[in-house]
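Chain by chain, the residues run as shown.
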Amino acid sequence: SWNPIWCTKPTKIEYSSTSHMPVPHYQGVVPRKLREIGLRTLLSMKYRYDKLHIEEDLSSQDSYIEPTEFREMLDDNGFSTVLMITGRHITPHFKSSSWKRKEVFPARYPGTQRLWKTACNTIGCEMREVEGLVVWSALLYETLILDLAAVDRLERMISTDE
């Protein structure tokens, strides 16, 4: 069984008392070379097991796709959980009242923006930019789908040239 004392360490505080504080499991920034090795290994593993797919463009051309329709499209292609990586910029929608804006931010790539919104509302699907690709979270998805812009940016990121 789990004991919270295992995740804490004694910390010295004034007047010589000891308090148990949480120990962070993740320290933050991963070194660049280690991240490159992890990405190279991830892409090789997904390719080896035929779970890496490259599309010309990840965007919906005309209109917003309903999440149920998108889920059916993924199921028809045999994808259970999908992480889509795009090389294009995704503009997040801020509809919070704290932003004091009634309209959403203008999207630089509206087709990619529409597909991102669909992916956010679809079960078992997520869409991220290349910079948001984390090896650990990518391993949680069965299939990895990249567009050509993402492939170009990943090639520049993990090139073996020094």
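Going by the structure above, here's the rest.
Residues numbered from 1 in each chain as written. Predicted model: local features only at pLDDT ≥ 70, side-chain atom pairs only at ≥ 80, totals over all residues. Heavy atoms only, no water.

S.K.: Before we go on, may I ask you to explain the overall build of the chain in this structure?
M.R.: Within the chain, the regular secondary structure consists of five helices and six strands. Along its sequence from the N terminus, the chain presents helices and strands in the succession β-β-α-β-α-β-α-β-α-β-α. Long-range contacts, defined as pairs at least 24 residues apart, comprise 71% of the intrachain contacts of the chain with a sequence gap of at least 6. For the chain, the accessible surface area stands at approximately 11400 Å², while carbon and sulfur atoms represent 57% of it. (Helix = DSSP H or I, 4+ residues; strand = E, 2+ residues; numbered from the N terminus. Contact = heavy atoms within 4.5 Å. Areas by Shrake-Rupley, 256 points an atom, 1.4 Å probe, with all protein chains shown as cover.)

S.K.: For this particular structure, what's the right way to read the nonpolar core?
M.R.: Grouped burial of nonpolar side chains is what soluble globular proteins tend to show. Counting residues in each nonpolar core, the largest one holds 16 residues, and the members touching the most others are L43, L83, I85, L133, L144, L146 and L154. Every element with two or more residues in this core is listed here: α1 (32-48), β4 (82-86), β6 (143-147) and α5 (148-157). If we ignore the near neighbours within four places in the chain, the residues touching L144 are L42, L43, K46, K51, L52, H53, L83 and I85. Counting 14 residues, the second largest nonpolar core, distinct from the first, contains F70, L74, F79 and C125. (Core = buried A, V, L, I, M, F, W, Y, C linked by side-chain atoms within 4.5 Å. Buried < 20%, exposed > 50% of the residue type's maximum accessible area, 1.4 Å probe, protein only.)

S.K.: Please explain the sheet that holds strand β5 (residues 125-129) as it appears in this structure.
M.R.: As summarised here, the arrangement of the four strands in space is β3-β6-β4-β5, forming an open sheet in which the pairing is parallel. Each edge of the sheet is formed by a strand with only one pairing partner; in this case those strands are β3 (52-55) and β5. Taken pair by pair, the neighbouring strands of this sheet meet at an average axis angle of 20°, ignoring direction. One ladder, built from five bridges, connects β4 with β5; its direction is parallel. Bridge pairing in β5 links I85 to R128. Strands in contact with α1 are β3 and β6; relative to β6, the strand with the most contacts, it is inclined by about 110°. (Pairing = 2+ DSSP bridges. Axes fitted to C-alpha atoms, helices over the stretch in contact; angles between N-to-C directions.)

S.K.: Sorry, what's going on with the packing of aromatic side chains here?
M.R.: Pairs of aromatic rings are described using the distance from one ring centre to the other and the angle between the two planes. All chains considered together, the criterion is met by zero aromatic pairs. Here K117 stacks its cationic end above the ring of Y64, 5.7 Å away from the centre of that ring. (Phe/Tyr/Trp six-rings, centres within 6.5 Å; stacked < 30°, edge-to-face > 60°. Lys NZ or Arg CZ within 6 Å of the ring centre and 35° of its normal.)

S.K.: When you look at the environment of F79 in this model, what are you seeing that I'm missing?
M.R.: Take F79: it is sitting in the loop between α2 (67-76) and β4. Along the primary structure F79 and Y141 are separated by 62 residues, whereas in three dimensions their C-alpha atoms are 9.8 Å apart. Discounting residues that sit within four places of it in the chain, F79 has contacts with H53, R71, L74, T143 and I145.

S.K.: Even after reading the chapter, I still don't get the pairing of β6, so can you show me in this structure?
M.R.: Successive side chains on a regular strand alternate, one facing one side of the sheet and the next facing the other. Along β6, five of the five residues are buried, which leaves the element largely enclosed by surrounding structure. Of the two faces of β6, the one carrying T143, I145 and D147 and the one carrying L144 and L146 are both buried. Across four bridges, the pairing between β3 and β6 is parallel. Each bridged residue has a counterpart across the sheet, and for H53 the counterpart in β6 is I145.

S.K.: I'm lost on the pattern of salt bridges in this one. Help?
M.R.: When the charged atoms of two side chains with opposite charge come close together, those side chains can pair. For the structure shown, the criterion picks out seven salt bridges. A salt bridge links D57 to R88; the shortest N-O distance between them is 3.8 Å. Of the two residues, D57 is situated in the loop between β3 and α2 and R88 in the loop between β4 and α3 (110-120); the sequence distance between them amounts to 31 residues. As a salt-bridge pair, E131 and R153 come within 2.2 Å of each other at their nearest N and O atoms. In this pair, E131 is assigned in the loop between β5 and α4 (135-139) and R153 in helix α5, connecting sequence segments 22 residues apart. Judged by its relative accessible area of 46%, E131 is partly exposed. Look at the salt bridges and you will find they share partners, linking R32, E36 and R40 into a network. (Salt bridge = Lys/Arg side-chain N within 4 Å of Asp/Glu carboxyl O.)

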